[in-house]
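Spelled out from the first residue to the last, the chains are:
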Amino acid sequence: MTLDWIHFTPGAALAGGALIGLASALYLLGNGRIAGIAGLVGEPLSALLRGRPLAVHATRLLFLLGLLLSPWLWQLAAELPARQAGTSTVGLVIAGLLVGFGSRLGNGCTSGHGVCGLSRLSGRSLVNVLVFMAAGFATVAVTRHLLG
């Protein structure tokens, strides 16, 4: 494996990471809640499916709206990177379902455990991060070296 030095952008990666950390910290300080995407999506979706009002989820919905609008805001400053999906639509759907299942099984997602949980020194989040990182490494090893 080699690093693509031409397309390596440590400044953009650092700025993006800092903005994610800042948004997570502001959300925690402002709402007393973790900015885990699984919870931010799951709670309003559950309310919608049960016919409950969404007004109590306004902050969550605004946070999600910010995530959805961010690519268009980015385009004001620079070109979006090319999208690449190394699989078919069916593969993407299966991957999405597996991620959703894993998020429910682990009681949170990568943003909740990886960004917010680790910064709070949560032991449960550390275990979750180690498990999903190991699963990711194993998946890459299998798909690139055993199946490829």
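In the block above lies the structure referred to throughout.
Residues numbered from 1 in each chain as written. Predicted model: local features only at pLDDT ≥ 70, side-chain atom pairs only at ≥ 80, totals over all residues. Heavy atoms only, no water.

### Some remarks on the side chain of Arg60
Okay, so step 1: By the secondary structure assignment, Arg60 is in helix 3 (residues 58-75).
Okay, so step 2: Here His57 takes part through its side chain, which lies 3.0 Å from a polar atom of the side chain of Arg60.
Okay, so step 3: Those residues in contact with Arg60 that lie beyond four places of it in its chain are Tyr27, Arg33, Gly39, Leu40, Glu43 and Pro44. (Helix = DSSP H or I, 4+ residues; strand = E, 2+ residues; numbered from the N terminus. Polar contact = N/O pair within 3.5 Å; in protein donor to acceptor, adjacent residues only side chain to side chain. Contact = heavy atoms within 4.5 Å.)

### Observations regarding the packing of helix 2 (residues 37-49) against helix 3
Okay, so step 1: Running from amino to carboxyl end, helix 2 crosses helix 3 at an angle of 120 degrees, the nearest separation of the two axes being 9 Å. By the angle between their directions, the pair helix 2 and helix 3 is classed as oblique. Judged by the sense of rotation from one axis to the other, the crossing of helix 2 with helix 3 is left-handed. Between helix 2, through Ile37, Gly39, Leu40, Val41, Glu43 and Pro44, and helix 3, the contact on the second element is made entirely by Arg60, Leu61, Phe63, Leu64 and Leu67.
Okay, so step 2: Each residue belonging to the contact of helix 2 with helix 3 can be placed in one class, and the counts come to eight nonpolar, one polar and two charged. (Axes fitted to C-alpha atoms, helices over the stretch in contact; angles between N-to-C directions. Parallel < 35°, antiparallel > 145°, perpendicular 65-115°, else oblique. Left-handed = near helix turned anticlockwise from the far one by under 90°. Nonpolar A, V, L, I, M, F, W, Y, C, P; charged D, E, K, R; others polar.)

### Quick look at the packing of helix 1 (residues 10-31) against helix 3
Okay, so step 1: Put simply, helix 1 and helix 3 touch, their axes get as near as 12 Å, and they point 170 degrees apart. Between helix 1 and helix 3, the crossing angle belongs to the class labelled roughly antiparallel. Contact residues: Ala23, Tyr27 and Asn31 in helix 1; Thr59, Arg60 and Phe63 in helix 3.
Okay, so step 2: Taken together, the residues of the contact of helix 1 with helix 3 break down into three nonpolar, two polar and one charged.

### A word on helix 6 (residues 123-146)
Okay, so step 1: Counted at 1.5 Å a residue, the expected span for helix 6 with its 24 residues is 34 Å, and the 33 Å between its end C-alpha atoms agrees.
Okay, so step 2: Residues of helix 6 that are buried: Ser125, Asn128 and Val129. (Expected span 1.5 Å × (residues − 1). Buried < 20%, exposed > 50% of the residue type's maximum accessible area, 1.4 Å probe, protein only.)

### Here's the deal with the state of the cysteines
Okay, so step 1: In total, this model carries zero disulfides according to the counting rule given.
Okay, so step 2: Between Cys116, a free cysteine, and Cys109, which holds the nearest cysteine sulfur, the sulfur-to-sulfur gap is 8.4 Å.
Okay, so step 3: A residue is classified by how much of its surface remains accessible, and Cys116, at 6% relative accessible area, is buried. (Disulfide = S-S within 2.5 Å.)

### A look at helix 3
Okay, so step 1: The end-to-end C-alpha separation of helix 3 is 26 Å, in line with the 26 Å expected for 18 residues at 1.5 Å each.
Okay, so step 2: In helix 3, a bend of some 40 degrees at Leu69 exceeds every other bend along the element, and Pro71, a proline, comes one to four places later.
Okay, so step 3: Among all positions in helix 3, only Arg60, Phe63 and Leu64 are buried.
Okay, so step 4: The secondary structure elements touched by the buried residues of helix 3 are helix 1 and helix 2. (Bend = angle between axes of the 7 residues up to and from the residue.)

### Some thoughts on the side chain of Ser24
Okay, so step 1: Within the fold, Ser24 resides in helix 1.
Okay, so step 2: Under the relative-accessibility criterion, Ser24 is labelled buried at 12%.
Okay, so step 3: With sequence-adjacent residues up to four places away left out, Ser24 is seen in contact with Ala35, Val115 and Cys116.

By themselves these figures say nothing about function.
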